[in-house]
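These are the residues of each chain, in order.
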Amino acid sequence: MVFNMKKLSKESILIDISLGLLIALIPFINITKGIDFTDTGYSVVNFLHAWDHEAYWSLSTFFANVVGWILMMLPFGKTYLGIKIYTTLIISITGVGSYFLMKKYLNRFAAALGVALSLFVIWCPSVVLYNQLTYLLDVGLIALIMKGLFEEKKSLLFVSGLFSGLDVFVRFSNLTRLIFIIPVICFCIYKCESEGIKGSFGRIFICIGGFASGVIASVMTIGISHGFDSIPRFLSDLRTLQGADYGYSFSDMILTLPEAIVKYGKWFIGLVIVSMVVFGTALRTGKETIEKKKSIIKIFAAGIVAVLTLIPLRFMSYWGVFTHVDYTRYDTIEVFVGYLILMAVFFVDVNIFSKNVNAEMKIFSIFVLCLIFIIPLGTNTGMQAYQGSLFIIAPFVTGSMVEIINKSIERKSYMSFAAVAIASIMLLITVFQFTCFRMNYIYGDVNNRELTATYERQESTLNGVKMLPGMVGIIEGLEEYFEGNVPISDEVITWGNIPLMSFALKRESAISTGWPDLTSYSEETFKTELEHIADGIKTKNEKPVVIVNAWFSGGDPLDRNVWEVSTKAEIMGRFIIDNDYELVYENDKFKVYR
């Protein structure tokens, strides 16, 4: 058969463009729905104060905040939907970049499916750029290093090191990306015989040189913008954060993967191995027995096959495939993500130890393993850390599964057929569950089917957001009060998981965070900042407005019973009382003190 290579090339390009566009559009599903007062609000406040706030999270996520600040300078960037759209574009770029990277190693349609799944399962708001930029850089770093290693472009190794150095101040915990030097070392060992130790291992020093340059550039930028004395204060806050009970202890983070293996491993083994063996044996026994002439034996054999094939369904039932209907919480599909991670570990092992896998795929598999290991480090979200960062892992799994299916079909044995059946079922289940999650989940709000009211105030930063019908009047009333009674120059202090309110009301935050009740914002810093404001009230009569979330589970800061369980609530409550604040506005959700 003679192929028209020119036509084939054009068709391939058209397919890539089409799949790339589809991938780019997925993150925009439900983008207008829901309002998140917490993480989204915290991020936009940090963007606005990228150059002046010195709190730990402001400096440890410095470049993420600078990028956010730049995006907010764009048209409509200082609106809720505008900044969501701009930051969602970063997720789209990450997805498209992942597709073009993964299709080099895997079937393009399997790679596209895997990338789509990784986008379906994202729970974290798009504006949390210290996560979104981290995942973009993960894809970029792996692409640069692989290209630098296998195409002998050592300049790309330096660039990858440079970006990994800058990455440290996208999110300080990204120091863990230094683990990417392991695949480089493995490649150097692979090349050692042909190039010698000096020629081969020189690549490592190129990467280290780029990393050092990136870190120095980052420190200089922060030093110039915030003062060089901010660096030691930042490192001191880091030690305090790690020593406190905020879920950031090294043991909590390092045990995430082992705990997942123990938690999901036995059922994973049961579903994949036991089901496959039982299913394959049932097929063989059934076929051989049914071929006998006695009809009663045929009926008996058919019954055995039917009963045995129910075993995989039993495992799937335990997995929650048929009963899983609540997709309103981000931990809803943790079990499915857990199985995906276990499958990735399995396929990595197969690739590394298989003689039939080339060196490039082995090195790439080591990158996947490194990602699986480091993703939970530097976060207190446990397994949920994987849910937003599957851009490499998910397509690696789907591509490997499709390859197993193809090879099993070629073998035409009973066990091969069983492997095809189980792999196909698992793939379909994953697609089904992740799709349901994407269609229903709204971060910080309820099921999207309940978000039927559109907020319509042209001058509002929240214009165009779909929310619960009852929320429209609540937010509108608060905005109208501020527009008629609070000068635009007045600063605010928000309490109760509502950092978004300072952004929504277009008022500056009077303290270095819009989210003082966040556990990683220290009580000592909160107390110091409020004492400084109290001094200003006495000497300059500069009194910021206090907005309290009446629905906050942490309690009303003026309720002295709450003080017994929350030191921060006591600090906030005493500040309101000692500085003669009065309740001037109240609705079903918010209280305003002046």
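Only a predicted model underlies this, so the values are computations on that prediction, with no experimental measurement involved. Every residue gets a number counted from 1 within its own chain, in the order that chain's sequence is written. Confidence filtering applies because this is a predicted model: local features only for residues at pLDDT of at least 70, side-chain atom pairs given and counted only at 80 or more, and all residues used for totals across whole chains, interfaces and linings. As a rule here, side-chain values come from all non-hydrogen atoms in the structure, and water together with hydrogens is ignored.

*Asks:* Could you give an account of the side chain of E479, naming the residues involved and the relevant values?
*Replies:* Think of it this way: any DSSP run of H or I at least four residues long counts as a helix, any run of E at least two long counts as a strand, and we number them from the N terminus. Mapped onto the elements, E479 comes out in helix α20 (residues 469-485). Each residue gets one of three labels from its accessible area relative to the maximum for its type: buried under 20%, exposed over 50%, partly exposed in between, using a 1.4 Å probe on protein chains only. On the accessibility criterion, E479 (5% relative accessible area) is buried. Nitrogen and oxygen atoms within 3.5 Å of one another constitute a polar contact, given that in protein one can donate a hydrogen and the other can accept it, and given that sequence-neighbouring residues count only through two side-chain atoms. In this structure the side chain of E479 is engaged in a polar contact, spanning 2.8 Å, whose partner is the side chain of S460. Excluding anything up to four places from it in sequence, E479 contacts Y455, R457, S460, A504 and L505. Whether two residues are in contact is decided by their heavy atoms: any pair within 4.5 Å suffices.

*Asks:* Could you give an account of the sheet that holds strand β4 (residues 545-549), naming the residues involved and the relevant values?
*Replies:* Paired strands, in this sense, are two strands between which DSSP finds at least two bridges. The strand order β3-β4-β6-β5 describes an open sheet built from 4 strands, whose pairing is mixed. Both edges of this open sheet fall to β3 (492-495) and β5 (583-586), since each of them pairs with a single strand only. Across the sheet, the mean angle from the axis of one strand to that of its neighbour is 20°, orientation sign disregarded. Pairing of β3 with β4, which is carried by 4 bridges, proceeds in the parallel orientation. Bridged to V492 within β4 is V545. Convention adopted: a line fitted to C-alpha atoms gives each axis, helices being fitted over their contacting stretch, and angles between N-to-C directions are expressed from 0 to 180 degrees. Along the sheet, helix α24 (residues 567-578) contacts β3, β4 and β6 (590-593); its crossing angle with β3, the most-contacted strand, is approximately 140°.

*Asks:* Lay out the pattern of salt bridges with the relevant residues and their values.
*Replies:* Salt bridge criterion: a side-chain nitrogen from Lys or Arg within 4 Å of a carboxyl oxygen from Asp or Glu. All told, the structure shown has 15 salt bridges when counted by the stated rule. Of the charged contacts in the structure, one is a salt bridge between D16 and R108, with a shortest N-O distance of 3.1 Å. Of this pair, D16 sits in helix α1 (residues 5-25) while R108 sits in helix α6 (residues 108-120), and the two are 92 residues apart along the sequence. The exposure class of D16 is buried, given its relative accessible area of 8%. Note on R108: relative accessible area 22%, which makes it partly exposed.

*Asks:* Residue-level account of empty space enclosed by the protein, with values.
*Replies:* Method remark: on a 1 Å grid restricted to protein atoms, a set of points is classed as a cavity if a 1.4 Å probe fits but cannot get out and as a pocket if it is open with protein on both sides within 12 Å along at least five of seven lines; lining residues have an atom within 4 Å of a point. Grid points are joined across faces, edges and corners, and a volume is the space filled by probe spheres set on the points. One pass over the full model with this rule turns up 2 cavities of 30 Å³ or more. The volume enclosed by the largest cavity comes to roughly 390 Å³. Looking at the largest cavity, it is lined by 24 residues, and the ones nearest its centre are K84, C124, P125, S126 and R438. No other element matches helix α5 (residues 80-102), which puts 4 residues into the lining of the largest cavity. Computed from the structure, the second largest cavity encloses a volume of approximately 50 Å³.

*Asks:* An account of helix α16 (residues 359-374) is requested, with residue identities and associated values reported.
*Replies:* Compared with the 22 Å implied by 1.5 Å per residue over 16 residues, the 23 Å span of α16 between its first and last C-alpha is a close match. Of all 16 residues that make up α16, 12 are buried, and the element is covered over most of its length. Residues of α16 that are buried: A359, M361, I363, F364, S365, I366, F367, V368, C370, L371, I372 and I374. A helix is expected to span 1.5 Å for every residue after the first.

*Asks:* Any details on the side chain of T88? Residues and values, ideally.
*Replies:* By secondary structure assignment, the location of T88 is in helix α5. On the basis of relative accessible area, T88 is assigned to the buried category, the value being 3%. Setting aside chain neighbours within four positions, we find T88 in contact with P27, F28, I31 and S126.

*Asks:* So what's going on with the nonpolar core? Which residues, and what values?
*Replies:* Among buried residues, those of type Ala, Val, Leu, Ile, Met, Phe, Trp, Tyr and Cys that are joined through side-chain atoms within 4.5 Å constitute a nonpolar core. Residues F180 and F364 are the most contacted members of the largest nonpolar core, which totals 86 residues. In terms of residue count, the dominant contributor to this core is helix α15 (residues 334-353) (11 residues). In contact with F180, other than residues within four places in its own chain, are D138, L141, I142, I145, F367, C370, L371 and I374. V66, I231, L478 and I547 belong to the second-largest nonpolar core, a separate cluster that totals 54 residues.

*Asks:* Explain the confidence of the model for the protein residue by residue, including any values.
*Replies:* What pLDDT reports is the predictor's confidence in each residue, on a scale of 0 through 100. Overall, the prediction assigns the protein a mean pLDDT of 84, with 81% of residues at 70 or greater. Mean pLDDT values for the elements of the protein range from 54 in helix α13 (residues 295-308) up to 97 in α5. Overall, residues 1-5 carries pLDDT values under 50, and its contacts beyond four positions in sequence, including any with other chains, amount to 0 contacts.

*Asks:* Help me get a handle on the packing of α5 against helix α7 (residues 129-150), residues and values and all.
*Replies:* Here α5 crosses α7 at 20°, and the two axes come no closer than 10 Å. For the element pair α5 / α7, the angle class is roughly parallel. Both α5 and α7 take part in a crossing whose hand is left-handed. Judged by residue contacts, T87, I90, I91, I93, T94, G97, S98 and L101 of α5 engage L129, Q132, L133, Y135, L136, V139, I142 and A143 from α7. By the convention adopted, Pro, Cys, Tyr, Trp, Phe, Met, Ile, Leu, Val and Ala count as nonpolar, Lys, Arg, Asp and Glu as charged, and the other residues, Gly among them, as polar. When the residues that make up the contact of α5 with α7 are grouped by side-chain class, the tally is 11 nonpolar, 5 polar and no charged. Reported orientations rely on four angle classes, namely roughly parallel under 35 degrees, roughly antiparallel over 145, roughly perpendicular from 65 to 115, and oblique for the rest. By convention, the crossing between two helices is left-handed when the near helix turns anticlockwise from the far helix through less than a right angle, and right-handed when the turn is clockwise.

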